[in-house]
Amino acid sequence: MLALKIRDMMFAALFTALVAVLGYMPSIPLPFGVPITLQTFGVMLAGAVLGARLGGLSLLVFILLAAVGAPVLNGGAGGLTKLLGPTGGYILSWPLAAYIIGYLAEKNWDKLNVWKLFIFNIIGGILVVYAIGIPYLVAVTEYKLVPALIGNLAFIPGDLIKAFVSAWIAIKLKKTYPIINK
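In this report, we go over the structure that sits alongside the text.

Section: empty space enclosed by the protein
- Applying the stated criterion to the full structure yields 2 cavities of 30 Å³ or more.
- Counted as a void, the second largest cavity has a volume near 60 Å³.
- Residue lining of the second largest cavity: 13 residues in total, with Ala48, Val49, Trp109, Ala170 and Lys174 positioned closest to the centre.
- Of all elements in the fold, only α2 (39–67) and α8 (156–176) reach the threshold of two or more residues within the lining of the second largest cavity.
- At 4 residues, α8 tops the list of elements feeding residues into the lining of the second largest cavity.
- Here the lining of the second largest cavity is composed, by residue class, of 12 nonpolar, no polar and 1 charged.

Here is the structure:
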């Protein structure tokens, strides 16, 4: 059974709230219905700072809140309709993305640096999110796979910036106040 200490619950809740708050930051709408938001930055940060278990849990709680209609998604949206819409696959991938980032960070804890964590953020926060989000987008819309892949290229520069900034912040936190216990 998943036993959580009060400290663990507090940090998981904090990152759930952080990702929700990042959804209220102005987004950049794109023509194919998937906006550029800062929420994936929060996903990367949750995994990198909290580790696999708590990072994944924080985003799972986020998904549950969104599913019941809490206004935690981009622009204050929420509800199953949003999760089942074109952006749903990206959002539903977030617990797994945070878990993978956290897992890789934990396994490399003693040798962790900004560049390694940047790569881990790319693996979990970009590749995993796209690997789930793009096929989901294609399945629930009339988009074809190749145009959807090409359309997602618009996100790469911003996602790389988010991956680096998240890695930098997480490494600073690791040095001053590490949350992951090794």
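Some points on the nonpolar core
- Leu59, Phe62, Trp94 and Leu117 are the most contacted members of the largest nonpolar core, which has 53 residues in total.
- Elements that contribute at least two residues to this core include exactly α1 (6–22), α2, α4 (88–92), α5 (94–107), α6 (114–140) and α8.
- No other element matches the 14 residues that α2 contributes to this core.
- Discounting residues that sit within four places of it in the chain, phenylalanine 62 has contacts with Thr16, Val19, Ala20, Gln39, Val72, Leu73 and Trp94.

Topic: the side chain of threonine 16
- With respect to the helices and strands, the residue threonine 16 is situated in helix α1.
- Separated by 2.7 Å, the side chain of threonine 16 and the backbone oxygen of serine 58 make a polar contact.
- Contact partners of threonine 16, with chain neighbours within four places excluded, come to Ser58, Val61, Phe62 and Leu65.

With respect to the pattern of salt bridges
- Counted by the stated rule, this structure contains 3 salt bridges.
- The partner of aspartate 8 in a salt bridge is arginine 53, and the shortest N-O contact between them spans 3.0 Å. Of this pair, aspartate 8 sits in helix α1 while arginine 53 sits in helix α2, and the two are 45 residues apart along the sequence.
- Owing to a relative accessible area of 9%, aspartate 8 belongs among the buried residues under this scheme.
- Using a relative accessible area of 37% as the deciding quantity, one classes arginine 53 as partly exposed.
- One salt bridge in this structure joins lysine 162 and aspartate 159, with 3.2 Å as the shortest N-O distance. Taken as a pair, lysine 162 and aspartate 159 lie in helix α8 at a separation of 3 residues, close to a single helical turn. Just as lysine 162 is buried, aspartate 159 falls in that class too.

A short note on α8
- Helix length check: α8, at 21 residues, gives a terminal C-alpha distance of 30 Å against a target of 30 Å (1.5 Å per residue), a fit within 8%.
- Those residues of α8 lying buried are Asp159, Lys162, Ala163, Ser166, Ala167, Ala170 and Ile171. End-on, the buried residues of α8 take up no more than an arc of 160°, which puts them together on one face. Residues of α8 that are exposed and angled more than 90 degrees away from the buried face: Ile161, Lys175 and Thr176.
- Those residues of α8 that are buried lie in contact with α2 and α6.

So, how was this worked out
- Residues numbered from 1 in each chain as written.
- Predicted model: local features only at pLDDT ≥ 70, side-chain atom pairs only at ≥ 80, totals over all residues.
- Heavy atoms only, no water.
- 1 Å grid on protein atoms, 1.4 Å probe; cavity = no way out; pocket = protein on both sides within 12 Å on 5 of 7 lines; lining within 4 Å.
- Points joined across faces, edges and corners; volume = space filled by probe spheres on them.
- Helix = DSSP H or I, 4+ residues; strand = E, 2+ residues; numbered from the N terminus.
- Nonpolar A, V, L, I, M, F, W, Y, C, P; charged D, E, K, R; others polar.
- Core = buried A, V, L, I, M, F, W, Y, C linked by side-chain atoms within 4.5 Å.
- Buried < 20%, exposed > 50% of the residue type's maximum accessible area, 1.4 Å probe, protein only.
- Contact = heavy atoms within 4.5 Å.
- Polar contact = N/O pair within 3.5 Å; in protein donor to acceptor, adjacent residues only side chain to side chain.
- Salt bridge = Lys/Arg side-chain N within 4 Å of Asp/Glu carboxyl O.
- Expected span 1.5 Å × (residues − 1).
- Arc of directions from axis to C-beta.

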